Amino acid sequence: MSEPLAISLFSGTDDKLNAAAVLVAGAAALGRPVHVFLQYWALDAFRRDRIEADRGLAPEAGPAGEAAVRRLRSLGGASWSETLRSAKEIGEVDIQACSLSMDLLDITEADLDPLVDGVEGVTAFWSTAETGQVLFI
Amino acid sequence: MTTETIHRVDARGLACPMPIVKTAQAIATLSSGDLLEVLATDPGSTKDFVAWSRTTGHALVEQDEEGGVFRFLLRRK
């Protein structure tokens, strides 16, 4: 199964970033090329000086959800950025920053973690995705 | 009679998808026909290793479970 997967990663909370990183790593392990497009709050999470920061959880998590996620960490769950680094080691994972979001959040390429391979516009994203599967997270 | 060397990955205590990630990393360093034994405690790993083997073509030679520890023996294609 080598069908490519494209992900528009929009959310910047730790739970969604983590779920996205797990999906990317799983696809990479199966040999599927993965193309990730970072928009808005997800892009903000990839700033090199904040990539390890606690970004909180989506509102539906609540206090019980927060405790559960903290427990997962203590049980050996890797952080989302570590999971993505591993995914890039084992497979073909291309992470691109959305140029509009770069402007909007006043981010330059120098501000981004080396996990990010480059900057592109939405047309380049769709052109790469072609008719393959696209996820929005 | 020669005894085959078995390479090992200890993924006990690691959450999904790290057992598969560690396995993919390790198998890339082996030669065709080499054996790799993986230990994991992630309950999803049973289905994950079957699926990973089927898709990547690395044979799942043996699998068992003892005391909550899953063991997978893989042969690099």
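Residues numbered from 1 in each chain as written. Chains lettered and ligands numbered in written order. Predicted model: local features only at pLDDT ≥ 70, side-chain atom pairs only at ≥ 80, totals over all residues.

**Student:** Lay out the overall build of chain B in plain terms, naming residues and giving numbers.
**Tutor:** Summing up its helical and strand segments, chain B has two helices and four strands in all. Taken from the N to the C terminus, the helices and strands of chain B come in the order β-α-β-α-β-β. Here chain B has a C-alpha radius of gyration of 12 Å; the compact-globule value for 77 residues is 11 Å, and the two agree. Seen along its three principal axes, the alpha-carbon backbone of chain B occupies a region of about 35 × 25 × 20 Å. Counting every position in chain B, which comprises 77 residues, the buried fraction comes to 30%. Long-range contacts, defined as pairs at least 24 residues apart, comprise 56% of the intrachain contacts of chain B with a sequence gap of at least 6. (Helix = DSSP H or I, 4+ residues; strand = E, 2+ residues; numbered from the N terminus. Rg over C-alpha atoms; globule rule 2.2 N^0.38 Å. Buried ≥ 20, exposed ≤ 12 C-beta atoms within 10 Å, placed from the backbone. Contact = placed C-beta atoms within 7 Å.)

**Student:** So what's going on with the overall build of chain A? Residues and values would help.
**Tutor:** Counting secondary structure elements, chain A contains six helices and five strands. Order of helices (α) and strands (β) in chain A, N terminus to C terminus: β-α-β-α-α-α-β-α-β-α-β. Computed over its C-alpha atoms, the radius of gyration of chain A comes to 15 Å, within 12% of the 14 Å expected for a compact globule of 137 residues. Each of the three principal axes of chain A carries a C-alpha extent, and together these read 40 × 40 × 25 Å. Buried residues in chain A amount to 34% of all 137 residues. Intrachain contacts of chain A at a sequence separation of at least 6 include 81% that bridge at least 24 residues.

**Student:** Please set out the interface of chain A and chain B residue by residue, giving values where relevant.
**Tutor:** Listed by partner, the interface residues are 15 residues for chain A and 13 residues for chain B. Of all the secondary structure elements, the ones that give two or more residues to the side of chain A that touches chain B are helix H1 (14-29) and helix H4 (80-90) of chain A. Considering every element that reaches the side of chain A that touches chain B, the biggest residue donor is H1 of chain A, with four residues. A per-class count over the side of chain A that touches chain B returns nine nonpolar, five polar and one charged. (Nonpolar A, V, L, I, M, F, W, Y, C, P; charged D, E, K, R; others polar.)

**Student:** Could you give an account of helix H3 (residues 62-74) of chain A, with specific residues and numbers?
**Tutor:** In this model, H3 of chain A (13 residues) spans 19 Å end to end at C-alpha, consistent with the 18 Å of a helix rising 1.5 Å per residue. Taken across its 13 residues, H3 of chain A has zero buried, putting it largely on the surface. (Expected span 1.5 Å × (residues − 1).)

**Student:** Tell me about the environment of Arg54 of chain B, and please be specific about residues and values.
**Tutor:** Looking at where Arg54 of chain B falls in the secondary structure, it is placed in helix H2 (residues 45-56). You can call Arg54 of chain B partly exposed: it has 13 C-beta atoms within 10 Å.

**Student:** Break down the sheet that holds strand E3 (residues 93-98) of chain A for me, citing the residues and quoting the values.
**Tutor:** Residues and elements named next belong to chain A. Sheet architecture is open: five strands sit in the order E4-E3-E2-E1-E5, paired in parallel fashion. Single-partner strands in this sheet number two, and they are strand E4 (118-120) and strand E5 (133-136). This sheet shows a mean twist of 30° between the axes of neighbouring strands, independent of strand direction. Strand direction decides the pairing type here: strand E1 (residues 5-9) and E5, joined by four bridges, are parallel. What sits directly across from Ser8, in E5, is Phe136. Where helix H6 (residues 122-129) meets the sheet, it contacts E1, strand E2 (34-38), E3, E4 and E5, and its direction lies at approximately 160° from that of E2. (Pairing = 2+ DSSP bridges. Axes fitted to C-alpha atoms, helices over the stretch in contact; angles between N-to-C directions.)

**Student:** Before we move on, could you go through the sheet that holds strand E2 (residues 35-40) of chain B and cite the residues and values that matter?
**Tutor:** All names here are of chain B. If you trace the four strands from one edge of the open sheet to the other, you get E1-E2-E4-E3, paired in mixed fashion. A strand with exactly one partner marks an edge of an open sheet, and here the two such strands are strand E1 (6-11) and strand E3 (59-66). Strand-to-strand twist of the sheet, defined as the mean angle between neighbouring strand axes without regard to direction, takes the value 15°. Relative to E2, E1 is paired through six bridges, and the arrangement is parallel. The residue of E2 that forms the bridge with His7 is Leu36. Packed on one face of the sheet, H2 meets E2, E3 and strand E4 (69-75) and runs near 175° to E3.

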